[in-house]
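Here is how the chains run, residue by residue.
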Amino acid sequence: MCGIVGYNGRAQAASILIDSLKRLEYRGYDSAGIAVFNEKTLEVFKEKGRIVDLEKTLPAVSGTIGIGHTRWATHGKPNKINAHPHTSGNIAVVHNGIIENYQELRDRLTASGYTFVSETDTEALAHLINHYYKDNLIDAVASALKDIRGSYAIAVLCGSELVAARKDSPLVAGIGDGGNFIASDIPAILKYTRRMIFLDDLEIASVTPDGISFYDVNKKPVEKTVKTIEWDMAAAEKSGYEHFMLKEIHEQPRSLHETLAGRIMELEGTINFEGLGLSESNISDISRICIIACGTSFNAGLLGKYLFEYLAKIHVDVEIASEFRYAHSAPGSLVIGISQSGETADTLAALRVAKSTGCRTLAIANIMGSTITRESDDVIYIRSGPEIGVAATKTFTSQLGVIYLLALYFGKIKWTINSDQMKRMLTAMKQLPSKITRILDNKEMIKKCAELIASSNDAYFVGRTFNYPIALEGALKLKEISYIHAEGYAAGELKHGPLALITKNTPVIAIATKGQTYDKMLNNIKEIKAREAHVIAIANENDSEIEKYVDDVIRIPSTEDILMPLLSTVVVQLLSYYVAKTRNCSIDQPRNLAKSVTVE
Ligand code: M6R
């Protein structure tokens, strides 16, 4: 996944494609490539690294139709072979998203005589389109799309035909002067046109030099509306959101969907972690886990502790990486390192210590090919896509997505959960992205509460059991982007000290969703209210009890009790964002902080 561009017109395509790809550089990528049809043959150029590296290798390429891509690896290492476009005969394909049944397609196409050269899911798509191609690219693409499961935005080049399609991954068509465009993101083509048409799911676009036609998957023509984009380039990069953080918060339905894609078989009650080297017998033998991480990833790890202990009955220690490496050891444990960047120096050093003492290591990471993923025995990618805001948001919910699945997977193998529980949990997990959308569509109460917090000097987040890590994450988010002093506490711990700090001037955000400790949480809220603090509760939508005890209630959709923390997370992210915005803070680049902390 990352950036797609396509052009069919009267100008030379290569320079337009390179220029358009450069406008997507801010999103991050690990390789880039273009394919151009030069009226006789298909020419493909790709390179690992930056677009300038690709540019340096490009000969004078002649041709007025082509496609281009910046890749951010999800299937297969970041290298030249895995870079897009992928080809099959005269067909070239660029793709964002995940083809969930790619292994099945790969087996089928291999049996039909196709040879695979890359490790990507996209190559299966190229061969599949070739398999169906007779003399019309739209027909071939439409047939191929019926065979694939998963998410995609694709642009396909074959001779003088350019066809694009989407499902669950953005794609926009642009109407230019003397040529037309396709792109995954508006900024790519904003220099060339402001007249754009947004494709909807399961729509196909055929781009010619003179126009763009749209079809559904049954090749029935579809009428589309042209929109004029008024954004400047800076707004376009953020898809019109004021900050990357807000954009990334809103991307969570899609990023979580990608995290779960192809891994959940809810009807069978099974989970598939592609390429995980831990066998069932390895997992049966695990009696201790040690999770190592920093910051937000640590908070994800802490929820992991609750989940592994509850679902798989495995004892878990969670250690701050910078402490573990000097003061702890984990003999006999499976050591799980959680890191978005995969480059955090403290986490890397702690994993090296663990490995040197003979522990098996498993990385949960976002960036494919990062140091931590290369040095760990096993890796599970969270597949969130690039995150630009310093504050981790969508990568946190994707980390949680993987951890929930892993704890369930271990529980199934250890017979600590039965098949009905498993099916119920997996079905509920599949519904989480749409529940996040509902939270994102109802932000008024969150904004109102943020205004109150914005004028405070201190704020407290409290929760019990599964909600406690989200209290820590809420406090971390608030302090890092709004500079308000904030703490997260296990609510039962307040009376052992922190309650002395609670006054009418200290708003308290109580994560009070339904679960085994709900009644205890109500008691803690009463203790807080007795000190006159303003209490904002995050609660289930159908909870009619909570409003008796608190000042404000932010209601969220209900799901399985132990999944509620993932939904509460979105609320604490938005609360922190709107507080920081009210205080006019530098939200995407908070003072003193960096996205990737590569020093110890
Ligand atoms: O890349 P990592 O997940 O290893 O980064 C660890 C922390 O630096 C990171 O989670 C940090 O706390 C967040 N950016 C805070 O929002």
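Everything discussed here concerns the structure shown above.
Note that this is a predicted model, so its numbers are computed, not measured.

Considerations on helix α9 (residues 252-260)
With 7 of its 9 residues buried, α9 lies for the most part within the structure. Taken together, the buried positions of α9 are Gln-252, Pro-253, Ser-255, Leu-256, Glu-258, Thr-259 and Leu-260. Where α9 terminates, the next one or two residues include Gly-262, which has phi positive at roughly 75°.

Considerations on the packing of aromatic side chains
To describe a pair of aromatic rings, you give the distance between the ring centres and the angle between the ring planes. Summed over all chains, the structure comprises 9 aromatic pairs. With a centroid separation of 5.1 Å and 50° between ring planes, the pair formed by Tyr-7 and Phe-181 is classed as tilted. You can see Tyr-7 sitting in strand β1 (residues 2-9) and its partner Phe-181 sitting in strand β10 (residues 179-183), a full 174 residues away along the chain. We classify Tyr-7 as buried; its relative accessible area is 3%. By way of ring pairs, the aromatic residues Tyr-7, Phe-181 and Tyr-192 are connected into one cluster. Looking at Lys-514, its charged tip hangs above the ring of Tyr-518, at a distance of 4.8 Å from the centre.

Structural notes on the site of the ligand
Neighbouring residues of the ligand: 14 residues in total, closest Ser-297, Ser-339, Ser-341, Thr-344 and Glu-480. With respect to the ligand, the side chain of Ser-339 contributes an N or O atom lying 2.6 Å from an oxygen atom. Protein contacts shield 91% of the accessible area of the ligand, which totals 410 Å² for the unbound molecule. At the level of elements, α11 (295-312) and α18 (468-482) are the ones that each hand at least two residues to the shell around the ligand. With 3 residues, the top contributor of residues to the shell around the ligand is α11. Here the residues of the shell around the ligand are counted per class, giving 5 nonpolar, 7 polar and 2 charged. The two domains that each donate at least three residues to the shell around the ligand are domain 2 (234-430) and domain 3 (441-600).

Details of unusual backbone geometry
The residue after His-84, namely Pro-85, is reached through a cis peptide bond having omega 5°. Residue placement: Pro-85 occurs in the loop between β4 (65-71) and β5 (86-88). Its identity is not glycine, yet Asp-168 carries a phi of approximately 60°, on the positive side. Inspection of the secondary structure puts Asp-168 in the loop between β8 (161-167) and β9 (172-175).

Each value, and the rule that gives it
- Residues numbered from 1 in each chain as written.
- Predicted model: local features only at pLDDT ≥ 70, side-chain atom pairs only at ≥ 80, totals over all residues.
- Heavy atoms only, no water.
- Buried < 20%, exposed > 50% of the residue type's maximum accessible area, 1.4 Å probe, protein only.
- Helix = DSSP H or I, 4+ residues; strand = E, 2+ residues; numbered from the N terminus.
- Phe/Tyr/Trp six-rings, centres within 6.5 Å; stacked < 30°, edge-to-face > 60°.
- Lys NZ or Arg CZ within 6 Å of the ring centre and 35° of its normal.
- Near = heavy atom within 4 Å.
- Polar contact = N/O pair within 3.5 Å; in protein donor to acceptor, adjacent residues only side chain to side chain.
- Areas by Shrake-Rupley, 256 points an atom, 1.4 Å probe, with all protein chains shown as cover.
- Nonpolar A, V, L, I, M, F, W, Y, C, P; charged D, E, K, R; others polar.
- Domains from an automatic or database assignment.

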